[in-house]
Amino acid sequence: GAVVSQHPSRVICKSGTSVKIECRSLDFQATTMFWYRQFPKQSLMLMATSNEGSKATYEQGVEKDKFLINHASLTLSTLTVTSAHPEDSSFYICSARDELGTQYFGPGTRLLVL
Amino acid sequence: AQTVTQSQPEMSVQEAETVTLSCTYDTSESDYYLFWYKQPPSRQMILVIRQEAYKQQNATENRFSVNFQKAAKSFSLKISDSQLGDAAMYFCAYRIRTSYDKVIFGPGTSLSVIP
């Protein structure tokens, strides 16, 4: 199946700093990518839909100025957590949609804000 | 609003036995997809099986099969000949047929396989 990568796999940062997470579709072009957040023992919560060449669509309750999304190419979307705080600590997962509509998930990024 | 419900937070099955995970969903749409995803301890989401709503025939993938009851909005997953590697969180998911194809996930069922 298609491969989606995320980098970094885990990151520890100080409160107040910004963290960028990359999501890449390695063997297909993805016009649409999705960013999810997952708390321990809970389901995936959709944060935003990222479309190549246009602004991301954020879900209700997700601060767009806090979670900046850039989808600059058909194979790369980035999520930047700005001015991170301990409550932003979580597991972030991206997925990429191929031309048939199937979503493939990245391995996730574990963020810990101290 | 579209919602997905999984009423069994935890399930267990004896190795080589069969287990069924339940899922119900609520939607006013007629054209949609349903999925079961597996999330092992590595936390990598893996697509197990998918079902198109317009297809009456239940999807099957090797030891995994579904019982899709569209009128009842029910989409259960049956795992036959359970293996230790099947132990994971299982998420039922629903995809809206819009230009963005947003996926809504259920709360998940934690499956344990007993040797």
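In this text, all values refer to a predicted model and were calculated from it rather than measured experimentally. Throughout this document, residue positions are counted from 1 along each chain, in the order its sequence is written. Here every chain gets a letter starting at A, and every ligand a number starting at 1, in the order they are written. A pLDDT threshold of at least 70 governs which residues receive local features in this predicted model, and a stricter bar of 80 or more applies before side-chain atom pairs are shown or counted, although totals over entire chains, interfaces and linings include all residues. Note: side-chain values were computed over all heavy atoms of the structure, leaving out hydrogens and water.

Visitor: Is there a simple way to explain the sheet that holds strand β3 (residues 19-25) of chain A in this structure?
Guide: Where strands meet in a sheet, backbone hydrogen bonds hold them as pairs that are either parallel or antiparallel. Residue and element names in this part refer to chain A. Pairing is antiparallel across the open sheet formed by 4 strands, whose spatial order is β1-β3-β8-β7. The open sheet has two edge strands, β1 (4-7) and β7 (67-73), and neither has a second partner. Shown here is a sheet whose adjacent strand axes are inclined to one another by a mean of 15°, direction ignored. DSSP bridges decide pairing: two strands pair if at least two such bridges lie between them. By the criteria applied, helices consist of DSSP H or I runs no shorter than four residues and strands consist of E runs no shorter than two, each listed in order from the N terminus. Summarising the sheet, β3 and strand β8 (residues 76-81) pair through 6 bridges and their orientation is antiparallel. Axis definition: a line fitted to C-alpha atoms, over the contacting stretch in the case of helices. Angles run 0 to 180 degrees between N-to-C directions.

Visitor: Quick question: what am I supposed to make of the interface of chain B and chain A here?
Guide: By a widespread convention, an interface's size corresponds to the accessible area lost as its parts come together. Counting from both sides, the interface comprises 17 residues of chain B and, opposite them, 24 residues of chain A. Here's the idea: put two parts together, see how much 1.4 Å probe accessible area each one loses, and the total over both is what we call buried area. Carbon and sulfur atoms supply 48% of the area that chain B and chain A bury against each other, a total of about 1,700 Å² over both sides. Within this document, salt bridges are pairs made up of a side-chain nitrogen of Lys or Arg and a carboxyl oxygen of Asp or Glu, the two lying within 4 Å of each other. Between chain B and chain A we count 0 salt bridges in total. By the criterion applied in these results, polar contacts are pairs of N or O atoms within 3.5 Å in which, for protein atoms, one can donate a hydrogen and the other can accept it, and in which residues neighboring in sequence qualify only through two side-chain atoms. Inspection of the chain B/chain A interface yields 5 residue pairs in polar contact (both at pLDDT 80 or more). Of all elements in the fold, only β5 (32-39), β6 (46-52), β10 (88-96) and β11 (103-105) of chain B reach the threshold of two or more residues within the side of chain B that touches chain A. We call two residues in contact whenever any of their non-hydrogen atoms come within 4.5 Å of each other.

Visitor: How do you make sense of the nonpolar core when you look at a structure like this?
Guide: We call a set of buried residues a nonpolar core when its members are Ala, Val, Leu, Ile, Met, Phe, Trp, Tyr or Cys and they connect through side-chain atoms within 4.5 Å of each other. Remark: exposure states derive from per-residue accessible area (1.4 Å probe, protein chains only) relative to the maximum for the residue type, with buried under 20%, exposed over 50%, and partly exposed in between. Ranked by internal contacts, the top residues of the largest apolar core, which has 26 residues, are Tyr-25, Trp-36, Phe-75, Leu-77 and Tyr-90 of chain B. Of the residues forming this core, the biggest block, 5 residues, is contributed by β10 of chain B. If we ignore the near neighbours within four places in the chain, the residues touching Tyr-90 of chain B are Gln-6, Leu-21, Trp-36, Tyr-37, Lys-38, Val-48, Phe-64, Leu-77, Ile-79, Gly-108, Thr-109 and Leu-111 of chain B. The next biggest cluster of nonpolar side chains, apart from the first, holds 24 residues, and it includes Val-4, Met-47, Val-81 and Leu-111 of chain A.

Visitor: Please explain the environment of His-85 of chain A as it appears in this structure.
Guide: Residues and elements named next belong to chain A. Along the chain, His-85 falls in the loop between β8 and β9 (90-97). With a relative accessible area of 31%, His-85 lands in the partly exposed category. Not counting chain neighbours up to four residues away, the residues in contact with His-85 comprise Ser-15, Lys-66 and Val-113. A distance of 3.3 Å separates a polar atom in the side chain of His-85 from a polar atom in the side chain of Ser-15.

Visitor: Is there a simple way to think about the pattern of salt bridges in this case?
Guide: Pairs can form between side chains of opposite charge whenever their charged atoms are close. All names here are of chain A. Enumeration over the complete set of coordinates arrives at 6 salt bridges over all chains. A salt bridge links Glu-22 to Arg-24; the shortest N-O distance between them is 3.4 Å. For Glu-22, a relative accessible area of 24% gives the class partly exposed. In this structure, Lys-66 engages Asp-88 in a salt bridge whose closest nitrogen and oxygen atoms are separated by 2.7 Å. Placement of Lys-66 in the loop between β6 (57-58) and β7 and of Asp-88 in the loop between β8 and β9 is noted, with a sequence separation of 22 residues between them. For Lys-66, a relative accessible area of 12% puts it in the buried group.

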